[in-house]
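Close look at the chain arrangement
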Amino acid sequence: FNLAIAVPDDLISLDDGLCATKDCNVCANNLLAKTIEDGMTYQELKMETEMFSKPEWWGKTTVSRNLTRLSCRKTEEMWFDMMMSYGDLGNFLCGFSLISLILYFVTSSDSGSLVIDCLASNGHPEPPRLQRVIWALIEGLTASALLVAGGRQALTALQAMSIATGLIYTILMCVACLALWRALQVEGGDLDPHGPTFHIDILDPFFTDPFDEVVSKFLSTSKLFLLFIANLFLAPLTVAKTSSRVISPSTFWPVLISLSFFLLMFIFLHILQIVVDGAWALAWVSFIAFGSGVSIVRSRTRNHLNISGHPLEDFCLSLLLYPSVAMQMELSTRPDTMQGEEKMEKVNSAYACSMESLPAMEIRTEI
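Residues numbered from 1 in each chain as written. Predicted model: local features only at pLDDT ≥ 70, side-chain atom pairs only at ≥ 80, totals over all residues. Heavy atoms only, no water.

**Here we look at the overall build of the protein chain**
Going by this rule: What counts as a helix is a DSSP run of H or I of at least four residues, what counts as a strand is a run of E of at least two, and both are numbered from the N terminus. With a 1.4 Å probe rolled over the protein chains alone, any residue whose accessible area is under 20% of its type maximum counts as buried; one over 50% counts as exposed, and the rest are partly exposed. Contact between two residues is taken to exist if any of their heavy atoms lie within 4.5 Å; hydrogens are not considered. For the accessible areas, the method is Shrake-Rupley and the probe is 1.4 Å, while residue cover comes only from the protein chains on display.
Of regular secondary structure, the protein chain possesses twelve helices and zero strands. Listing every helix and strand of the protein chain by position from the N terminus yields α-α-α-α-α-α-α-α-α-α-α-α. For the protein chain, the proportion of its 367 residues judged to be buried stands at 25%. Partitioning the intrachain contacts of the protein chain with sequence separation of at least 6 by distance along the chain shows that 49% fall at a separation of at least 24. When the accessible surface of the protein chain is summed, it comes to about 25500 Å², and 67% of that surface belongs to carbon and sulfur atoms.

If you want it as structure tokens, here you go:
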């Protein structure tokens, strides 16, 4: 506040232009309104502000800085305000946190530089250290240039980008945990790695095979990709067909109508968002209901085909890749596919029986 332009014995008024800038912000207006309610004069306000080491801290924190209104502080000051709330340990925690942040950024930059250096050295496990230092300097200069050029807006954009990429890696970590759990089950003998599976994998429509196999399977994979695009809108019909095969023929129309309703409501409510604020929330509720219905049918399909899995896995896949889930179930439960699998099971069982009926042979090796 600019108290030099005020008469000491006058009552505080918002019309006197006390803020250093032309317009007071929301926090300053609230503080001045409180002083006006208390009937405070400019002299009293000046005496209170002089109690702080920095006059601008008045109203935002206590003299001891044990309590602070973080909403009135800048983003870069909030961390130190929180540390100072611990009393006599505040100064120590401020210094310790700064050292910890520096070590965190240094070690993170060193790890990133090592990865980039290994990639630039064609995967060499022990690349030259000087080269790693050069990559670290390039990273630091790039980050500094972004901050200098964009200022606080660039920092906010970088923070938003890191949070967004962190969300993606959270999903990948969940998938990695599931894969680790499956690997431990196989290692422990609780899961047969060669047991029954779906006719296609979830990611088959996206050309995820090795390059030589992608070339040889280009036509079939292209058909799967076109089916994926079609099932973005026709998934309720595909899931209803599967339901009629694995649950009961009478479930076809209930499943088709309910899933079609939720999918159409998801699209309609997003369009309605243009007129009605908040309609997007109901849209996502409809989509979650749609994904739940698809996951129930997938769980029943797994049980019908004796495929190992978990309902939570079915639910997540149904939300993220419901067209692939619909295709997977429909192709795996077709009558021709089921008959082919039954023939293969009969051949395998007959082969196993014939092997068991052979007389045991003893091979001796004499030296």
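Moving on, there is more to tell.
**Points about the packing of helix α3 (residues 75-84) against helix α4 (residues 90-120)**
Condition: Every axis corresponds to a line fitted to the C-alpha atoms, with the helix fit spanning only the stretch in contact, and the corresponding angles, defined between N-to-C directions, vary from 0 to 180 degrees. Should an angle fall under 35 degrees it is taken as roughly parallel, and over 145 as roughly antiparallel, whereas 65 to 115 is taken as roughly perpendicular and any remaining angle as oblique. Here a crossing is taken to be left-handed if its near helix is turned anticlockwise relative to the far helix by less than a right angle, and right-handed if that turn runs clockwise. Residues are grouped as follows: Ala, Val, Leu, Ile, Met, Phe, Trp, Tyr, Cys and Pro are nonpolar; Asp, Glu, Lys and Arg are charged; all remaining types, including Gly, are polar.
Relative to each other, α3 and α4 sit at 135°, their axes nearing to 7 Å. When the interaxial angle is binned, α3 and α4 end up oblique. By crossing handedness, the relation of α3 to α4 is classed as right-handed. Contact residues: α3 offers Trp79, Phe80, Met83 and Met84, while α4 offers Gly90, Asn91, Leu93, Cys94, Ser97 and Leu98. A per-class count over the contact of α3 with α4 returns seven nonpolar, three polar and no charged.

**Let's talk about unusual backbone geometry**
At Asn122, a position not held by glycine, the phi torsion is positive, near 60°. Along the chain, Asn122 turns up in the loop between α4 and α5 (129-188). Phi is positive for Phe207, which is not a glycine, with a value near 55°. Tracing the backbone through its elements, the reader meets Phe207 in the loop between α5 and α6 (211-216).

**Let's talk about the confidence of the model for the protein chain**
Applicable threshold: On a scale of 0 to 100, pLDDT captures the predictor's confidence in every residue.
Per-residue confidence for the protein chain averages 80 on the pLDDT scale, and 75% of its residues sit at or above 70. Considering each helix and strand of the protein chain separately, the mean pLDDT is smallest for helix α12 (residues 335-357), with a value of 51, and largest for helix α8 (residues 252-272), with 96. Every residue in residues 343-348 scores below 50 in pLDDT, and together they form zero contacts with partners more than four places removed in sequence or on other chains. Per-residue pLDDT stays below 50 along residues 350-358; that stretch engages in zero contacts with residues further than four places along the chain or on separate chains.

**Focus: the packing of aromatic side chains**
Describing an aromatic ring pair means giving the distance of the ring centres and the angle of the ring planes. The cut-off we apply is this: Any two rings among Phe, Tyr and Trp, with Trp reduced to its six-membered ring, count as a pair given centres within 6.5 Å; such a pair is stacked if its planes are under 30 degrees apart, edge-to-face if over 60, and tilted if neither.
The tally for this structure, following the rule as stated, stands at 13 aromatic pairs. Ring centres of Phe287 and Tyr322 lie 6.0 Å apart, and the angle between their planes is 70°; on these two criteria the pair is classed as edge-to-face. With Phe287 in helix α9 (residues 279-305) and Tyr322 in helix α11 (residues 322-332), this residue pair connects regions lying 35 residues apart in the sequence. Judged on exposure class, the residue Phe287 and its partner Tyr322 are both buried. Of the aromatic side chains, those joined through ring pairs into one cluster are Phe266, Trp284, Phe287, Phe290 and Tyr322.

**Brief notes about the layout of surface pockets**
What counts is decided by this rule: A cavity here means a set of 1 Å grid points, computed over protein atoms only, where a 1.4 Å probe fits but cannot escape. A pocket is an open set with protein on both sides within 12 Å along at least 5 of 7 lines, and lining residues have an atom within 4 Å of a point. Grid points are joined across faces, edges and corners, and a volume is the space filled by probe spheres set on the points.
Of the pockets and cavities examined, the largest pocket occupies roughly 1200 Å³. If you go around the largest pocket, you meet 35 residues; those closest to its centre are Leu178, Arg182, Arg298, Glu313 and Leu317. Elements represented by at least two residues in the lining of the largest pocket include exactly α5, α9 and α10 (311-320). The element that contributes the greatest number of residues to the lining of the largest pocket is α5, accounting for nine residues.

**Points about the pattern of salt bridges**
For clarity, the threshold we go by: When a carboxyl oxygen of Asp or Glu lies within 4 Å of a side-chain nitrogen of Lys or Arg, that pair is called a salt bridge.
A complete count under the given rule lists seven salt bridges for this structure. A salt bridge links Arg182 to Glu313, with the shortest nitrogen-to-oxygen separation between them at 2.4 Å. Of this pair, Arg182 sits in helix α5 while Glu313 sits in helix α10, and the two are 131 residues apart along the sequence. By relative accessible area, Arg182 is classed as partly exposed at 24%.

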